Amino acid sequence: IITNTLIMGATTTAFALSGNFWLGLLFIFMVGFTQTVTGTGTQSLFQMAVEPAMRGRVLSLYMLVWRGTPAIGAILVGWVAERLGLSLAVAGTGTVCMIAWLWSRTQLLKMTPALETKQAPPE
């Protein structure tokens, strides 16, 4: 998940700054692929890490955030695109993604033990 976040950010930035159609097509394919892998992996991680009794609540909150925040981001990117141009706005989203990757790398040692604790089997 974390590695795909870096690849997604880098290929988003490369797509935005690419001037070649075929190269841009390759980059946007990679963006879609890594976004799918990251989203599927994150949802699977949530499902495995949460106690069964709380799984429905946690996943519904996760889906609210997963589906709701892109709308807020789209407004922000649209605002930036009006002022700086679409290429720079999209490149900025890739940069933000790479910053998120950097932050998540610093948190990895804290996250791993919390996610690997043994859960009691369902009754």
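Cut-offs applied
- Counting restarts for each chain, with residues numbered from 1 along the sequence as it is written.
- Reporting of local features is limited, given that this is a predicted model, to residues whose pLDDT is at least 70; pairs of side-chain atoms are given and counted only at 80 or more, and all residues count toward the totals for whole chains, interfaces and linings.
- Computation of side-chain values covers all heavy atoms of the structure but excludes hydrogens and water.
- For helices, the axis comes from a line fit to the C-alpha atoms of the stretch in contact; other axes are also lines fit to C-alpha atoms, and the angle between any two N-to-C directions lies between 0 and 180 degrees.
- Counting from the N terminus, the helices are DSSP H or I runs at least four residues long and the strands are E runs at least two residues long.
- Should an angle fall under 35 degrees it is taken as roughly parallel, and over 145 as roughly antiparallel, whereas 65 to 115 is taken as roughly perpendicular and any remaining angle as oblique.
- In a left-handed crossing the near helix is turned counterclockwise from the far helix by less than a right angle, and in a right-handed crossing that turn is clockwise.
- Should any heavy atoms of two residues lie within 4.5 Å, those residues are counted as being in contact.
- For this classification, the nonpolar set comprises Ala, Val, Leu, Ile, Met, Phe, Trp, Tyr, Cys and Pro, the charged set comprises Asp, Glu, Lys and Arg, and every other residue, Gly included, is treated as polar.
- Patches here are clusters of residues that have more than 30% relative accessible area and form no salt bridge, with a 9 Å joining cutoff for like charges and a 5 Å cutoff for nonpolar side chains (Val, Leu, Ile, Met, Phe, Trp, Tyr).
- Calculation of accessible area relied on Shrake-Rupley with a 1.4 Å probe; when residues are assessed, cover is drawn exclusively from the protein chains displayed.
- We define a salt bridge as a contact between a side-chain nitrogen of Lys or Arg and a carboxyl oxygen of Asp or Glu at a distance within 4 Å.
- Partly exposed describes any residue whose relative accessible area lies between the buried limit of under 20% and the exposed limit of over 50%, with all areas from a 1.4 Å probe on protein chains only and scaled to the type maximum.
- Expected span, for any helix, means 1.5 Å times one less than how many residues it has.
- In the analysis that follows, any N or O atom pair within 3.5 Å is treated as a polar contact, provided that within protein one partner can donate a hydrogen and the other can accept it, and provided that, for residues neighboring in sequence, both atoms belong to side chains.
- Classification of ring pairs rests on two measures: the distance between centres of Phe, Tyr or Trp rings, Trp counted by its six-membered ring, which must be within 6.5 Å, and the angle between planes, read as stacked under 30 degrees, edge-to-face over 60 and tilted in between.

A. Examining the packing of helix α1 (residues 2–17) against helix α2 (residues 21–49) more closely. At a closest axis distance of 8 Å, the pairing of α1 and α2 adopts a crossing angle of 155°. One element, α1, and the other, α2, form an angle in the roughly antiparallel class. Judged by the sense of rotation from one axis to the other, the crossing of α1 with α2 is left-handed. Here Asn-4, Thr-5, Ile-7, Met-8, Thr-11, Thr-12, Ala-14 and Phe-15 of α1 lie close against α2, whose contacting residues are Gly-24, Phe-27, Ile-28, Met-30, Val-31, Thr-34, Gln-35, Val-37 and Thr-38. Residue composition of the contact of α1 with α2, by class: nine nonpolar, eight polar and no charged.

B. How the structure looks around a nonpolar patch on the surface. Taken together, the side chains of Ile-1, Leu-45, Met-48, Met-111 and Leu-115 make up a nonpolar region of the molecular surface, amounting to roughly 420 Å² of accessible area. Elements that contribute at least two residues to the nonpolar patch include exactly α2 and α4 (86–115). Tracing the chain through its elements places Leu-45 in helix α2. You can call Leu-45 partly exposed: its relative accessible area is 32%.

C. Summary view of the environment of Leu-25. Position of Leu-25 among the secondary structure elements: in helix α2. A sequence separation of 10 residues divides Leu-25 from Phe-15, and the C-alpha atoms of the two residues are 7.9 Å apart.

D. Spotlight on the packing of α2 against helix α3 (residues 55–84). Running from N to C, α2 and α3 cross one another at 155°; their axes reach a closest spacing of 10 Å. The angle between α2 and α3 falls in the class roughly antiparallel. You can see that α2 and α3 cross each other, and the crossing is right-handed. Within the contact between the two elements, α2 uses Gly-39, Thr-42, Gln-43, Phe-46 and Gln-47 and α3 uses Arg-55, Val-58, Leu-59, Tyr-62 and Trp-66. Looking at the contact of α2 with α3 residue by residue, the class counts come to five nonpolar, four polar and one charged.

E. Spotlight on α2. Helix length check: α2 (29 residues) gives 41 Å between terminal C-alpha atoms against 42 Å at 1.5 Å per residue, within 8%. All buried positions along α2 are accounted for by Gly-24, Phe-27, Val-31, Thr-34, Thr-38, Gly-39 and Thr-42. Where the residues of α2 are buried, they touch α1 and α3. The distance from a side-chain oxygen at the start of α2 to the backbone nitrogen of Trp-22 is 2.8 Å, and the residue carrying that oxygen is Asn-20.

F. Representation of the packing of aromatic side chains within the structure. Overall, the coordinates contain four aromatic pairs when judged by the stated rule. Look at Phe-21 and Trp-22: their rings are 5.0 Å apart centre to centre, the planes differ by 80°, and that puts the pair in the edge-to-face class. Accessibility expressed as a relative area gives 57% for Phe-21, which makes it exposed. A residue is classified by how much of its surface remains accessible, and Trp-22, at 63% relative accessible area, is exposed.

G. Looking closely at the pattern of salt bridges. The final tally for this structure, using the stated rule, is one salt bridge. In this structure, Glu-82 and Arg-83 form a salt bridge, with 3.3 Å as the shortest nitrogen-oxygen distance.

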